[in-house]
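Inside the fold
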Amino acid sequence: MKRYVLFVCLLLSGLARVYAQSIAPFQKGDRIAFVGNSITCGGHYHSYIWLYYMTRFPDQRIDIFNEGVGGDVAEMIYQRLDKVFEHEPTVVTLSFGMNDVGYMDFRKPGADTIARNRVEKACRDYALIEEVYKKYPEVRKILIGSSPYDETSRFNKVAFPGKNTQILKIVDFLNARARENQWGFVDFNRPMVAINQWEQAADSMYTLCGKDRIHPSTDGHLVMAYLFLKAQGLAGKLVADIRIDGAGKKVTRSDNCRVSDLSVSSDNLTFTYEAKSLPYPIDTSYYDNEKHTQADALSVIPFMDEMNYEGLSVSGLSDGYYGLTIGGEFIGRFTARELERGINMALLQNTPQYKQAMKIRQMNEEWAKDLVSWPWCISQVVKAHEDCPELQAVLDEYHKPVVIQDQVLGELKLDKDYDTFEGEIQWCGKDVLLSLEVNAESKPSWTRARSAAKKLLADCETWDKAMRELAAKNLTELANNWLSQDEETPRNPETDPITEEELARRISLTSLSVTSGGSFTAWFDCDEMFTDHAV
């Protein structure tokens, strides 16, 4: 087992040197927009990265924005970049390739030629993205090589042979562009392929890439987060490291923490431990019928040793067993030899500090469900139900409803958690949800968003027709690809394909989100052409 772990660690280390450029760690006040496709939109790697920063650097607030959209290719990312930069990011990432190289074409004659043309188009479309990125020289850029399409696992038949070979061409292209522009770059693809192939030597059905070989499961996303953080130079950044000489009755080391009030007697050794960080709380839950958990990634990456080490070492103790208690709670039983060698308290999920970290993880997950990350940081941990009149006054004011009665848009209620006014409008004779994205503390932004929404509504028939035509032009081929993979439908896409006219007719607008800057996002129900996805 030790030889296996060592091999994987050396493999990842070598790949990281070859395929990752130095990425500066995020700094206090950074606003990071992660731009990509469904792997970003519905994924976890960015929330895992954010959770790392929240627990490791609790006094350094950063904001993270999920700017992934399912099904996106480079061209579609380019078309929505104005919305990305409305967040005023200080750092922006970019990942694409999975959708760009196509799907069903890999089953057709001449697949290599078709794929080559798709890769060339993606690279041309990237050039447009790069032009926009260069208009913001003050914003740091990080290009990310897409996670892989797993072509080697044997849990079912490989649907699109040769797909990842084409994705790698885009990965290498992005690496070259990053070097040319002196931007950051990190490759998720090759390290994840290496892990997959190593694990598949023992278990042919193993994969980090989920049930569809495309969307990584939670263990895959922790691997991605690890690769990103490692590229930022954060390997070896300790939670804390406490070393005590029991015989000498002195603290010999206290990294990233403060140790005081050391007392040593024949029966007890006690001290006060004030940590500057919390351990990273590992998730052991299963989601969406996945076969793996986030915790399963710990067997293939040295995350606990490199990025989640909260060390406690006590030397000079007599042989025997010792009980570890924190805050009066029994934590575990260890030998004198184990304590001298050092234990990683981040592995002990019953410590008070781990329980604090778990609460943060749970809050992080709630925000991640909405595919939006909202900024906050730990200032101080207070007692439950603490009586604080000043904070209660703030809370009472916060809970006061804010409602606008607009003659055109109707009643709009401010959702203070999300800085949006919510309401309902009539769009081409149908009820549609309306969301106005504003700065809750800036009333001029309320007015601008309402004006933009009224302009759209005044010309709703023109906009409705244009959006349906755009969706039909870009998504009809994809709709037929999905239809061909639906084993429950009797419809044959080769003899009875979905046409552009049919797709435009079947989709229906359900909600409209308008920003104070004048841009908007329209969400259409897809009538199950893309299962439970929206357009």
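Residues numbered from 1 in each chain as written. Predicted model: local features only at pLDDT ≥ 70, side-chain atom pairs only at ≥ 80, totals over all residues. Heavy atoms only, no water.

All right, on to the layout of surface pockets then. Reported here for the second largest pocket is a volume of approximately 750 Å³. Around the second largest pocket, the lining comprises 31 residues; the ones closest to its centre are Leu269, Thr270, Phe271, Gly323 and Leu324. Of all the secondary-structure elements, those providing two or more residues to the lining of the second largest pocket are strand S9 (269-275), strand S10 (310-315) and strand S11 (321-326). Looking at which element gives the most residues to the lining of the second largest pocket, the answer is S9, with 7 residues. (1 Å grid on protein atoms, 1.4 Å probe; cavity = no way out; pocket = protein on both sides within 12 Å on 5 of 7 lines; lining within 4 Å. Points joined across faces, edges and corners; volume = space filled by probe spheres on them. Helix = DSSP H or I, 4+ residues; strand = E, 2+ residues; numbered from the N terminus.)

Our focus in this paragraph is unusual backbone geometry. Backbone geometry follows two general trends: most residues other than glycine have a negative phi, and most peptide bonds adopt the trans configuration. For lysine 249, which is not glycine, the phi dihedral falls at a positive 55°. Mapping lysine 249 onto the fold places it in the loop between strand S6 (240-245) and strand S7 (250-255).

Side-chain direction in a regular strand flips from residue to residue, so the side chains alternate between the two faces of the sheet. Burial runs high along strand S4 (residues 140-145): 5 of the 6 residues are buried. Taken together, the 4 bridges between strand S3 (residues 91-94) and S4 define a ladder with parallel strand orientation. In the sheet register, valine 91 faces S4, and the bridge partner there is arginine 140. Chirality of the crossover, the property in question, places the unit of S4, helix H7 (residues 163-181) and strand S5 (residues 184-187) among those that are right-handed. (Buried < 20%, exposed > 50% of the residue type's maximum accessible area, 1.4 Å probe, protein only. Pairing = 2+ DSSP bridges. Right-handed = clockwise from strand over helix to strand, strands pointing away.)

In this model H7 runs 28 Å from its N-terminal to its C-terminal C-alpha over 19 residues, within 8% of the 27 Å that 1.5 Å per residue would give. Along H7, the residues that are buried comprise Lys163, Asn164, Gln166, Ile167, Ile170, Val171, Leu174, Asn175, Ala178 and Asn181. Of the surrounding elements, those touching the buried residues of H7 are helix H6 (111-134), S4, S5 and helix H8 (189-200). A positive backbone phi angle near 60° is found at glutamine 182, which sits one or two residues after H7. (Expected span 1.5 Å × (residues − 1). Contact = heavy atoms within 4.5 Å.)

Our next topic: the packing of aromatic side chains. Summed over the entire model, instances satisfying the criterion amount to 19 aromatic pairs. Summarising the aromatic geometry, the rings of tyrosine 133 and tryptophan 183 are spaced 6.2 Å apart at their centres and angled 45° between planes, so their arrangement reads as tilted. Here the residue tyrosine 133 occupies a position in helix H6, and tryptophan 183 occupies one in the loop between H7 and S5, the gap between them amounting to 50 residues. Note on tyrosine 133: relative accessible area 1%, which makes it buried. Connected via pairs of aromatic rings, a cluster forms that spans Phe26, Phe34, Tyr45, Tyr52, Tyr53, Phe57, Phe188 and Phe228. Here arginine 213 stacks its cationic end above the ring of phenylalanine 155, 4.5 Å away from the centre of that ring. When the ring centre of tyrosine 321 is taken as origin, the NZ or CZ atom of arginine 333, which lies over that ring, is 4.0 Å away. (Phe/Tyr/Trp six-rings, centres within 6.5 Å; stacked < 30°, edge-to-face > 60°. Lys NZ or Arg CZ within 6 Å of the ring centre and 35° of its normal.)

The next subject is the confidence of the model for the protein chain. In low-pLDDT segments, the atomic positions of the prediction should not be examined closely. Averaged over every residue, the pLDDT of the protein chain is 89; the share at 70 or more is 92%. Mean pLDDT per element in the protein chain: helix H1 (residues 2-19) is the minimum at 46, and S3 is the maximum at 98. The low-confidence segment residues 15-20 (pLDDT under 50) makes 13 contacts with residues lying over four places distant or belonging to another chain. (pLDDT = per-residue confidence, 0-100.)

Across the sheet, which stays open at both edges, the 6 strands sit in the order S14-S15-S16-S17-S18-S19 with mixed pairing between neighbours. A strand with exactly one partner marks an edge of an open sheet, and here the two such strands are strand S14 (403-406) and strand S19 (520-525). Strand-to-strand twist of the sheet, defined as the mean angle between neighbouring strand axes without regard to direction, takes the value 25°. Across 6 bridges, the pairing between strand S18 (residues 508-515) and S19 is antiparallel. Pairing of leucine 512 across the sheet is with alanine 522, part of S19. Taken strand by strand, helix H14 (residues 443-458) contacts S14, strand S15 (410-415), strand S16 (420-427), strand S17 (430-437), S18 and S19, and its axis lies near 145° from that of S18. Packing of helix H15 (residues 460-485) onto the sheet brings it into contact with S16, S18 and S19, and relative to S19 it is tilted by some 65°. (Axes fitted to C-alpha atoms, helices over the stretch in contact; angles between N-to-C directions.)

Now for the pattern of salt bridges. Tallied over the entire structure, the rule returns 32 salt bridges. In this structure, glutamate 130 and lysine 134 form a salt bridge, with 3.2 Å as the shortest nitrogen-oxygen distance. Separated by 4 residues within a single helix, glutamate 130 and lysine 134 lie in helix H6, roughly one turn from each other. The exposure class of glutamate 130 is buried, given its relative accessible area of 8%. One salt bridge in this structure joins lysine 454 and aspartate 406, with 3.0 Å as the shortest N-O distance. Highlighted residues: lysine 454 in helix H14 and aspartate 406 in strand S14, separated in sequence by 48 residues. Salt bridges sharing partners connect three or more residues here, namely Arg491, Asp496, Glu502, Arg506 and Asp527. (Salt bridge = Lys/Arg side-chain N within 4 Å of Asp/Glu carboxyl O.)

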